[in-house]
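Structural description and commentary
Chain by chain, the residues:
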Amino acid sequence: MVGFKELLRRLKVQDQMTKQHQTRLDIISEDIGELQKNQTTTMAKIAQYKRKLMDLSHRTLQVLIKQEIQRKSGYAIQADEEQLRVQLDTIQCELNAPTQFKGRLNELMSQIRMQNHFGAVKSEERYYIDADLLREIKQHLKQQQEGLSHLISIIKDDLEDIKLVEHGLNETIHIRGGVFS
């Protein structure tokens, strides 16, 4: 590179390349934004399909249960089914026993509710006040207190004046009352 013309040409080429790079970056940024939007849409559809799958699974299970009930109607209960029923009854009794799992489960649930309640209260109590804002609040409250003190003194003075006026009126009434009687 020799001379100012070559330097100027190189500067123009670099500007063109910079513009091309910026254009390409803008295109890539738009593509990324579109892909993020597509990802969000896809995630929502996946969640919707999962819910639909669960609903269909439950419906299929209900149909199978009804079909099995109809198929087994009229037949006597088999030994393994009776054994399974006894086991399920035993488990149900254990779960419902107040000293067993149900009582413990109720106790744990109440503790969790209390922790959530106190956790919510504690999280609401967290705040931060800037030092300047705190100073302004103190100054404002001090001014309010001075204003209230001034109003109280004015009210006390007015009450004393009202008492003097009442006392003067009472004396005037007594004097006039004595003159007229």
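What you see as residue numbers is a count from 1 along each chain, following the sequence as written. Local features are withheld for residues below a pLDDT of 70 in this predicted model, meaning they are given only at 70 or higher, and side-chain atom pairs are given and counted only at 80 or more; totals for whole chains, interfaces and linings count all residues. Note that the side-chain values use all heavy atoms of the structure and ignore hydrogens as well as water.

Next up on the list: the overall build of the chain. When helices and strands are counted, the chain shows four helices and zero strands. Along the chain, helices and strands appear, N-terminal first, in the series α-α-α-α. When burial is assessed residue by residue, the chain has 1% of its 181 residues classed as buried. A total accessible area of about 17700 Å² is found for the chain, and carbon and sulfur atoms account for 60% of it. Secondary structure elements follow DSSP: runs of H or I of four or more residues count as helices, runs of E of two or more count as strands, with numbering from the N terminus. Only protein chains enter the calculation, and the probe is 1.4 Å; a residue is then buried if its accessible area is under 20% of its type maximum, exposed if over 50%, and partly exposed in between. For the accessible areas, the method is Shrake-Rupley and the probe is 1.4 Å, while residue cover comes only from the protein chains on display.

The next point concerns a negative patch on the surface. Exposure above 30% relative accessible area and the lack of any salt bridge qualify a residue for a patch; like charges then connect within 9 Å, and the nonpolar side chains Val, Leu, Ile, Met, Phe, Trp and Tyr within 5 Å. Every case where a carboxyl oxygen of Asp or Glu lies within 4 Å of a side-chain nitrogen of Lys or Arg is listed as a salt bridge. Neither His nor the chain ends contribute to the count of charged residues, in which Lys and Arg are positive and Asp and Glu negative. A charged residue contributes its charge at one atom only: NZ of Lys, CZ of Arg, CG of Asp or CD of Glu. On the surface, Asp26, Glu30, Asp31 and Glu34 cluster together to form a negatively charged patch. Mapped onto the elements, Glu30 comes out in helix 1 (residues 3-72). The exposed category is assigned to Glu30, whose relative accessible area is 59%.

Residues Ile129, Leu133, Leu134, Ile137 and Leu141 make up a contiguous nonpolar surface patch of about 400 Å² in total accessible area. Within the secondary structure layout, Leu133 lies in helix 4 (residues 131-180).

Here we come to the pattern of salt bridges. Taken as a whole and assessed by the stated rule, the structure comprises six salt bridges. In this structure, Arg9 and Glu6 form a salt bridge, with 3.3 Å as the shortest nitrogen-oxygen distance. Of this pair, Arg9 and Glu6 both sit in helix 1, three residues apart, roughly one helical turn. Residue classification places Glu6 among the partly exposed residues on the basis of a relative accessible area of 32%. Among the ionic pairs, Arg71 bridges to Glu68, the shortest N-O distance being 2.6 Å. With Arg71 and Glu68 both in helix 1, this residue pair falls three residues apart, about one helical turn. For Arg71, a relative accessible area of 51% gives the class exposed. In this structure, a network of salt bridges that share partners links the residues Glu82, Arg85 and Asp89.

This paragraph deals with helix 1. A rise of 1.5 Å per residue sets the reference length of helix 1, with its 70 residues, at 104 Å; its end C-alpha atoms lie 100 Å apart and thus fit the reference within 8%. Two residues or fewer after helix 1 comes Gly74, characterised by a positive phi angle close to 90°. One less than the number of residues in a helix, times 1.5 Å, gives the span that helix is expected to have.

Here pLDDT means the predictor's own confidence in every residue, given as a number from 0 to 100. Mean pLDDT over the chain stands at 85; residues scoring 70 or higher make up 89%. Within the chain, the element-level pLDDT minimum falls on helix 3 (residues 101-125), averaging 74, and the maximum on helix 1, averaging 93.

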